[in-house]
Structures are given as C-alpha cells and as structure tokens.
Amino acid sequence: MKRFLIAAVGAAALALSAAQAAAFEVGIIAFQMSSETHARVANAAAAAAKAKGWTVTLLNSEGALPKHAEQFDALIAKKVDAIIVAMGKPIEAEAQFKAARDKGVPVVTVMSGASKDTLFDIQVNEYKVGAEAALYLFGQMGYTGNLISQRFEGNVGTRIRGRLLDDVLVENQAVKEIGKHSMARTQSWRDDVRAGMQALLLKNQGQINGVWASFDGQAYIIDDLLKAQGVKRGAIPLVSIDGGEETYRRIADPDSTLLATVMIPFEGMGERAVEAIDSIVVKKQPKESVTSGPYLFQDAVLVDASNVKQFLKK
Amino acid sequence: MGRILERYGTALAGLALIVFFAAAAPNFLNPANLLNIGKETSFLAILALGFMLALIAGELDLSIADVASLAAVACGALVQWGYGPLAGVAAALGVGLAAGLFNGFAVTILHVPSLIATLGLAAIAKGLGFMLTQGVAFVGRWPTEFTGLARGALLGVPNLILWLIAVSALVWLLVGATRTGLHMTAAGEATEAARLAGVKTDRMKRLGLALCGLLAGATAMLLASSLSSAAPGMAGDYFLYAIAAVLLGMTMFDPGRPNAPGTLVAALSLKVLGNGLVLMGAPYYAQDIALGAIIIASVAVSAAALKRAAFKV
Amino acid sequence: MTSAAAAELKQAARTTSAPLVSLRGIGVNYGAVTAVADVDLDLVAGEIVALCGDNGAGKSSLVKVISGAAQPSRGALLIDGEPARFSGPQDALRRGVATIYQELALAPRLAIYQNVFLGAELTRMIGPLRLLDKARMMAEAKAYLARLAVTIDDMRRPVEKLSGGQRQAIAIARALRWNANLVIMDEPTAALGVRETAQVHDLIRRLAQDGRAVLLISHSMPDVAALARRVVIMKHGRKVIDRAVAGLSADDIGHMIASGKDI
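Since this is a predicted model, take the numbers as computed values, not measurements. (Residues numbered from 1 in each chain as written. Chains lettered and ligands numbered in written order. Predicted model: local features only at pLDDT ≥ 70, side-chain atom pairs only at ≥ 80, totals over all residues. Heavy atoms only, no water.)

1. As for the overall build of chain A
Item 1. Counting its secondary structure elements, chain A contains 10 helices and 12 strands.
Item 2. Here the C-alpha atoms of chain A give a radius of gyration of 22 Å, agreeing with the 20 Å that 2.2 N^0.38 yields for 314 residues.
Item 3. In terms of principal-axis extent, the alpha carbons of chain A reach across some 65 × 55 × 40 Å.
Item 4. Residues classed as buried in chain A amount to 58% of the 314 residues present.
Item 5. Look at the contacts in chain A between residues 6 or more apart in sequence, and 69% of them connect residues 24 or more apart. (Helix = DSSP H or I, 4+ residues; strand = E, 2+ residues; numbered from the N terminus. Rg over C-alpha atoms; globule rule 2.2 N^0.38 Å. Buried < 20%, exposed > 50% of the residue type's maximum accessible area, 1.4 Å probe, protein only. Contact = heavy atoms within 4.5 Å.)

Below, the structure is given as structure tokens:
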C-alpha cells in the first residue's frame, strides 16, 4: 500500500495539471496565501493570465523565506516566460531574483518594494492612502475630540499608515489620541486585536469620538465590539484601509459603525501586472511605455456611504 | 522478493517518482534543476537527521524549526554587527547546541516529557527571535566568506552537497557503527532494559537532543549563508517537512526504525516531489495535501518508535 | 598472601563446592516494617535453588539484596567467602551476580547479538575510530547460545521475532557473557506454553551444568519440583524451610508454602 502512495500522488498531480500546450507561461508566487490580500492579488493575476490563454503556475511560499527562494529556482528551471510576485521579498531572496534576471526571466512584483532585478513594483502610494484615511476620520470628528487607534507595525504599508496618522495628529492638536494598541502576533492576531481594543474601550468609556484601524480586518473586529456595546452608526466613527466585499457590505449597512475605507485595488494590481507583462514581454513594447521608474503606482479610492453602491456586488 | 519490497519499497517508489517527473515534467532533468534539488535537499536532510538522532534516543524534538530560525538570526546579528563570519558560524552552532542541551536537561533532569519540553522551547526560541530582530530581517551586507559556506563549490561540487555528504556520513557512522550509537538506540528502544544492562540512558537521551540542536544550528548557518538573509521564523516551514522525511525514511532500509539512509532518500524524495509538482504546473495546495498524506501513511506503516516517544507522556 | 595465592585458594574453594554467595543474618526493614528477618542462605556452583513463598513473604526484598538493587538493613553478604557490598545491579553484575528481569530483560527491537552484548559491546580500532566489532560479537553470541544447546542462524534477527523460549535463551546467554557465577531468574516460565517451558527447563539445567549457581523465584510448583535441587520457603520475612527437593511432589511443595511447615 505504502509503496503506491507516492506514485499515486504523482499521478494525481498529473491529472490535476491539464495537458499543456506551448502557450505563454507565467509563474505567480504569493508570499503567504493565508493572508487575504496576498491571495487577492495572486488569484486576480492568475485569472487575468488564464483569460489571455496563458499557462499559469500559482505558488504559495507560505510565509517562508527558504520556500520563497526555492519556488523561484523551480520556476526558473521550468523556464517560465515571466514571473509575478505578490508581496514578495526581493531583498531577502536577492540571489534568486538576481538569478531570474541573469537567465532573462522578467519579473514584476506587486507591493514588494523596488529591486534592481525586477522590471518594477506595482504599488499604491501608502503615504497618500494613510493621509486620506486620517483626514476622513478627522473630518467625521469635526477636527476635535479623542480617538483610539489599532495599529500594526509588522508590515511596511500599515506602518506608513500609522506614521501619517501621527503627522495629522501633530497638525491638529484639538484631536487627541487617548489610547493605542499595536498588534503583536501575526497568526492569532484576531484575538490580539479583540483583547487590546476591548481593554481600550473599557478604559476610555464615554470619551471616545473616533477609532482608527490600520487595516480592514482589524476594523471588522472593532465594529463588532462597538455594535455589541450598542454604539449607533456615526456616534463613534470608525475608519480603516484596504477595501473588499465584507468592508463594502459593512459600509452600506446602517447598523455598522464602519464609515469608510480607502480601497486598495488588490485585484487591480494583480491584473495590472499581467497587462504589463503582456505589453512588455509578449508585445515587446519598451518598459518605459508602462512606467519609467521602479514603481508603477495605482490609485486608491476612498469608499464611504456615498459611493459604496458601485463597489457592492449585485 | 517480499523482503526486498519491504526494505526498499518506498525508496523504489521515490525512484519511480524521479522517472515519472523526468518523463512528464518539462526541464526536470536539466542539470541546473537537479543541482537545485540537491541543494534544497541538503537543508532539509541535515535538519531531519538531527530530528532522527533525537528520535533514535526515544525523544521528540519539536523545537527544531524555531531553534534553527533563532540560530539563523543570532548568526545574522553577529555577522551584520561586524563580528565576522567565524563569530556568525559559532553563534549558529552555539545557539543550536545550547537549545539541544536545554532540551536534554528538561527531559532527563526536570523529567518533562520531550513532547512538552521541546514545544515550550520552540515558543521561547520564537519569542527570542522576534526580540532580537523586532521582526525585521537581517539582509544586505553579508561577507562573501560567509555566503561562500553554502554558495561556494569545491571541484565543481556545490558546498551544500558536500556539507550534506559529510553530515550524513558522520551520522550514519555514529548510529550504525559505534557503541555510543548502539546505546542511543537501546536507550530509545527499551530504556529500562538498557539501563539495567548498564547503559547510561539519560546521558544518551541528552546526547541525542544535543546533536539534534547542533544540526538545527548547522542548518540555520547554511540557510542564512545561502539566502544571505536571516529572519525570525525563516525555518518554520521545515518543521513538518523534517518530521515527514524521518517518518518516510522509517519505511525503508530498516523498516520501523529511524535510519540515516532512509531519512536521506526521503528528504530527497520530498524535494523531488515539490520540485516536480511545480514544474508540472500543479496547483500550490497539491504539495500540502501530498505532504500530509505522506506523513500519515508513513506513521501508519511503520512508525512504532514515534508512537512510543509521543505517547509516553 | 599474594594475589595469585588468593586466586588459587578461591579456585580451590569453588571446586570443593564452597558457597559462591552466602547470606548471613540478612534483615531488611522499610521504616517500622520488617520485610526480611535473619535469613541465612548459601548458593553453591552447579546447584539450582528455588525460592518460594506467598506474596509478601519477603522473597522480592531478599532478591533485591542479592541482586544489588537494595542494601540490607542488617547482616552480611559474602561473595566467595568475602564480605561484599553492591552499589547497584551493575556492580553486582560485575561481581558475577546476574539477574534476569522478565519483562525488562531484553530490548525487543535490537538484534540478538546486540542484546547479548548490550552494555558490554566488543569494539575494534579502525584507524583513529573505535567501532563496533559486529562479526566477533555475532560469532561469540552464537557460541554462548551453543553452550545452551540453542541454534539460531541469523544473529541479526530482532529479539521480538523470537519465541518465548528463545528469548529466555538470549537473556541467559547475556548472563554467560557477563561470566555470571550466580544467575537469579524471576518467574522464567510465566506466560510460556508447554513446549517452551520444557525448553526453558533445559536451558536452566544447562546453566547449572555449566557450573553456575541458579536462584529460581517461582510460583510454578511443577517448575520447582522438576528443576530445583533445593527449595527455600519464606513466610512473614523469615526462612522457614530449606531442604532438598528429592522425593517431593509439586503438591507437597505447595502444601509447605501454604502451611510454612515441613512435611
């Protein structure tokens, strides 16, 4: 029985991988599929590439650096025509990115940071995003009162958003941050956020005029906490960043305290990566026709009750 | 014939897997790809050989991956702070060995079952890793003397593969041909009988766990050198793979017992499987499913030793 | 007296069947409880002695003293006529007293030769390395088994694949390997079938013919009647009977154990 196991797994793999024509082949690596935003970028890119009739190999580094590097090696050995990386680590896996460039495999990254070994990195401008979210929240508070914040320092994007909140606070002294909680854990972070915010809400009962969250996942938990305490929409405005179906549903829901988000086009960036490879690698247009610098910035859109309908799925 | 199948069945299945991928996966036989598989196998196999040594002495070390991650960041810290490659090597091996010694102390002197003691140390190691780095990886200026440890080559053979051969040979010799190795095996197989026969069973268990830690440190050193980066949690992914390699290895050569050649062939088979699936364009989750199935099937087939180690809590 | 002369004297003592191991006035207390009181016992080369008694009669406490697992509270232990003190079972083993613990005697998954030599492996130097001398261990293990009239071809077979009788042979071969003069066997035929019990009887007789003293602890009266030359019965911590077995049936011995009186 055991002797056939490996062979059986191999056969299953064969069955899963449909007969492959000599189509254009793209490898897509997501750093950590268990993180929703990584999965959204990678899945959108995979869907867009399949729509073009390309052969797609979608990989998950499971948050592990050695695996990230290995998958790069394997894709290079596979001689794929291009590689797309979602939230990857071009600096930590520098040798593999360099190997791709040496072998002439073009690489486009999404939200991974710039590298000399890639064509460019598709990003939203986190500084802009952070400023927009902070200003919207301050506007809802009438530029006065107390707020509490839920932060996350372990990610460049969310860290920048927090910095922008700090800057806006410095310029608007009538608004005070009377409590902040930084998420420490990355795997059981939901519990961490719930416990931290519950403590802050209890400690500052009756004095809170607004809540800021560094990403939507945190905001869902805070929204549920506030609703459980009977807080009505608008009484304590809650603002966050990322966007997504669940976020839009809450923004449209008259019982939810979540007023707005700054929508980061994760799917859009994945699709944009495929478009860019199509024009540069397939259609052989110069890289400068897409972007001249190391970054290709995408627009983020503020979503609140006034425009949420266009984002909600019918 | 039946005996040959029992001893080499899974090894033959591994061979069949290689033949299968050679025929079906594009570029599998490309020398560069085969070399990549060999290099990737070295990290996994060295870590797995450590886990195997602890298991031979009858103890489970569930801290290997987190200890390796901590050893890597300790190594990265010293190298990045300018203490030189030698200090980095010493830090990696030292952290690994210290962790192994601690596990041995907890198991034989505090009498905490290894399943629990090593799980506890795993959490401590993880915490220390984040304390040392604040979550930010050590990247950038690594001296070539250090990166050469893993990236270099001798007479055309990559250093990683030489490391693997050296470690495997030493482990194989220790377990199969020395009194110490036999005493470790006896301490793991029948602790009371061995003790009554005059074997220093506690010392053998400490030795198994210490060597396991040391090899986790060696793995960390090679990982940091090869990737020229060190991040907390960087070896976390190897945890399940290393255990799977040992368990799968127990289905061959010396069925039912952890053994070095089996571990080696199993580590190679797992890496071949991973590489082949990628080359064939199989979906990313196929690997996880295959890994889980292999672990359960291996234990079902022949991991009595593991069951004993796990359930004597 | 020179040591050579002492050795000669010892050898002389042995051939005149002076006791290998003697107990004089042995007492064992556990706190206020007296487990063994004032026991004298002589064990002679080539003789099989059965130690019997109900549970709690003090057998196992007495055996612990002889095997080195416990220290007596009173009295003396003599080896070849000289007072001895064992620091533990391994010490006793080195002094020629081997105890075969039934359930714990062997490492089931190790090979036959590994079990025979466990804790006392043979090695040889290969260059700078001290490695196991497997060929010699296998040959010698085979020879020890041959002395017990047991033939097993493959010394690499794991012990768990052997029959109960064969396993006893391995345990006894190990005692031979340690050159034990006194072999203590605790219920050697428990859990064995009829044929295997007969095999083990053979083994024990051969051990005695080989010039060893055997102390047999057994609840099996047929074993005692068939094997032992002498039976020692304990009751309430005291030795109440010490006599030859010749002429006694299994039932007679059972009766003596129950009553504590000679018939």
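2. Focus on the sheet that holds strand E12 (residues 301-303) of chain A
All names here are of chain A.
Item 1. Pairing is mixed in the open sheet, where six strands are placed in the order E7-E6-E8-E9-E10-E12. At either end of the open sheet lies a strand with only one pairing partner, and these are strand E7 (175-182) and E12. In this sheet, adjacent strand axes meet at a mean angle of 20 degrees when their direction is disregarded.
Item 2. Bridge count between strand E6 (residues 145-151) and E7: seven bridges; the pairing is parallel. Opposite isoleucine 148, over in E7, you have glycine 179 as the bridge partner.
Item 3. Seen against the sheet, helix H9 (residues 245-252) touches strand E10 (258-263) and E12 and runs at an angle of roughly 145 degrees to E10. (Pairing = 2+ DSSP bridges. Axes fitted to C-alpha atoms, helices over the stretch in contact; angles between N-to-C directions.)

3. So, the arrangement of the chains
Item 1. If you rank the two pairs of chains in contact by how many contacts each has, first place goes to chains A and B.
Item 2. If you take every C-alpha in chain A and every C-alpha in chain C, the smallest gap between them is 22 Å, and the two do not touch.

4. Details of the interface of chain C and chain B
Item 1. Contacts between chain C and chain B engage 21 residues on the former and 24 residues on the latter.
Item 2. Between chain C and chain B, roughly 1,900 Å² of surface is buried when both sides are summed, and carbon and sulfur atoms account for 63% of that area.
Item 3. Taken together, chain C and chain B are joined by two salt bridges.
Item 4. Salt-bridge contacts for Arg179(B) lead to Glu121(C); the nearest nitrogen and oxygen are separated by 3.5 Å.
Item 5. Counting across the interface, chain C meets chain B through nine residue pairs in polar contact (both at pLDDT 80 or more).
Item 6. In terms of residue count, strand E8 (residues 129-132) of chain C provides more of the side of chain C that touches chain B than any other element does, four residues in total. (Buried area = accessible area lost by both parts, 1.4 Å probe. Salt bridge = Lys/Arg side-chain N within 4 Å of Asp/Glu carboxyl O. Polar contact = N/O pair within 3.5 Å; in protein donor to acceptor, adjacent residues only side chain to side chain.)

5. Looking at unusual backbone geometry
With glycine set apart, most residues show a phi of negative sign, and most peptide bonds adopt trans.
All names here are of chain A.
Item 1. Notably, tyrosine 143 is not glycine yet its phi reads approximately 55 degrees, a positive angle.
Item 2. By the element assignment, tyrosine 143 lies in the loop between helix H5 (126-140) and E6.
Item 3. For tyrosine 143, a relative accessible area of 38% gives the class partly exposed.

6. Some remarks on the pattern of salt bridges
Residue and element names in this part refer to chain C.
Item 1. Here the structure, examined in full by the defined rule, presents 37 salt bridges over all chains.
Item 2. The salt bridge involving aspartate 210 is made with arginine 147; its shortest N-O contact spans 2.9 Å. Remark: arginine 147 occurs in helix H5 (residues 134-147) and aspartate 210 occurs in the loop between helix H7 (194-209) and strand E10 (213-217); sequence separation between them is 63 residues.
Item 3. You can call aspartate 210 partly exposed: its relative accessible area is 31%.
Item 4. Under the relative-accessibility criterion, arginine 147 is labelled partly exposed at 39%.

7. Considerations on the domain arrangement of chain A
All names here are of chain A.
Item 1. When its domains are assigned, chain A resolves into domain 1 (24-123 + 266-298) and domain 2 (126-265 + 303-310).
Item 2. The C-alpha-based centres of domain 1 and domain 2 are spaced at 31 Å.
Item 3. Between domain 1 and domain 2, the contact holds eight residues from the first and six residues from the second.
Item 4. Taking both sides of the interface into account, the surface hidden between domain 1 and domain 2 amounts to around 550 Å²; carbon and sulfur atoms contribute 53%.
Item 5. If you sort the residues of domain 1 by the area they bury against domain 2, Arg40, Met111 and Phe266 come out on top, with a joint share of 59%.
Item 6. Run the count over domain 1 and domain 2 and you get zero salt bridges. (Domains from an automatic or database assignment.)

8. Remarks on the packing of aromatic side chains
Two descriptors summarise a pair of aromatic rings, namely the distance from one centre to the other and the angle between the planes of the rings.
Item 1. A complete count under the given rule lists 12 aromatic pairs over all chains for this structure.
Item 2. Ring centres 6.4 Å apart and planes at 85 degrees place the aromatic pair Trp81(B) and Phe138(B) in the edge-to-face group. Remark: Phe138(B) occurs in strand E1 (residues 138-139) and Trp81(B) occurs in the loop between helix H3 (64-80) and helix H4 (85-108); sequence separation between them is 57 residues.
Item 3. For Trp81(B), a relative accessible area of 53% translates into the label exposed.
Item 4. The positively charged end of Lys89(A) is found above the aromatic ring belonging to Phe31(A), 5.0 Å away from the centroid.
Item 5. Residue placement shows Lys271(B) over the ring face of Tyr241(B); its charged tip is 5.4 Å from the ring centre. (Phe/Tyr/Trp six-rings, centres within 6.5 Å; stacked < 30°, edge-to-face > 60°. Lys NZ or Arg CZ within 6 Å of the ring centre and 35° of its normal.)

9. Here we look at the side chain of Ser218(C)
Residues and elements named next belong to chain C.
Item 1. For serine 218, the position within the fold is in the loop between E10 and helix H8 (221-227).
Item 2. Judged by its relative accessible area of 1%, serine 218 is buried.
Item 3. For serine 218, the side chain forms a polar contact with the main-chain nitrogen of serine 220, separated by 2.9 Å.
Item 4. Setting aside anything within four residues of it in sequence, one finds serine 218 in contact with Leu51, Cys52, Glu187, Asp223 and Val224.

10. Here's the deal with the environment of Ala290(B)
Item 1. Examined against the element boundaries, Ala290(B) turns out to sit in helix H13 (residues 285-302).
Item 2. It is 9.2 Å that separates the C-alpha atoms of Ala290(B) and Gly274(B), two residues lying 16 residues apart in sequence.

11. Focus on the nonpolar core
Inside soluble globular proteins, nonpolar side chains tend to come together where they are buried.
Item 1. Judged by nonpolar contacts, the single largest core of 162 residues is most densely connected at Phe21(B), Leu270(B), Leu145(C), Ile170(C) and Val231(C).
Item 2. Looking at this core, the element that brings in the most residues is helix H2 (residues 31-56) of chain B, giving 14 residues.
Item 3. Beyond its immediate stretch of four places on either side in the chain, Leu270(B) contacts Leu44(B), Tyr241(B), Ala244(B), Ala245(B), Leu248(B), Leu291(B) and Ile294(B). (Core = buried A, V, L, I, M, F, W, Y, C linked by side-chain atoms within 4.5 Å.)

12. Observations regarding the environment of Leu97(B)
Residues and elements named next belong to chain B.
Item 1. Along the chain, the position of leucine 97 falls in helix H4.
Item 2. On the basis of relative accessible area, leucine 97 is assigned to the partly exposed category, the value being 33%.
Item 3. In this structure leucine 97 touches Ala210, Gly213 and Leu214, once residues within four positions along its chain are discounted.

13. Describing the packing of helix H6 (residues 164-177) of chain C against H7(C)
Residue and element names in this part refer to chain C.
Item 1. At their nearest, the axes of H6 and H7 sit 8 Å apart, and the two run at 15 degrees to each other. Overall, the two elements H6 and H7 adopt an arrangement that is roughly parallel. Handedness of the crossing formed by H6 with H7: right-handed. Residues Gly164, Gly165, Gln166, Gln168, Ala169, Ile172 and Leu176 of H6 touch H7, and the partners they reach there are Glu196, Gln199, Val200, Leu203 and Leu207.
Item 2. Residue composition of the contact of H6 with H7, by class: six nonpolar, five polar and one charged. (Parallel < 35°, antiparallel > 145°, perpendicular 65-115°, else oblique. Left-handed = near helix turned anticlockwise from the far one by under 90°. Nonpolar A, V, L, I, M, F, W, Y, C, P; charged D, E, K, R; others polar.)

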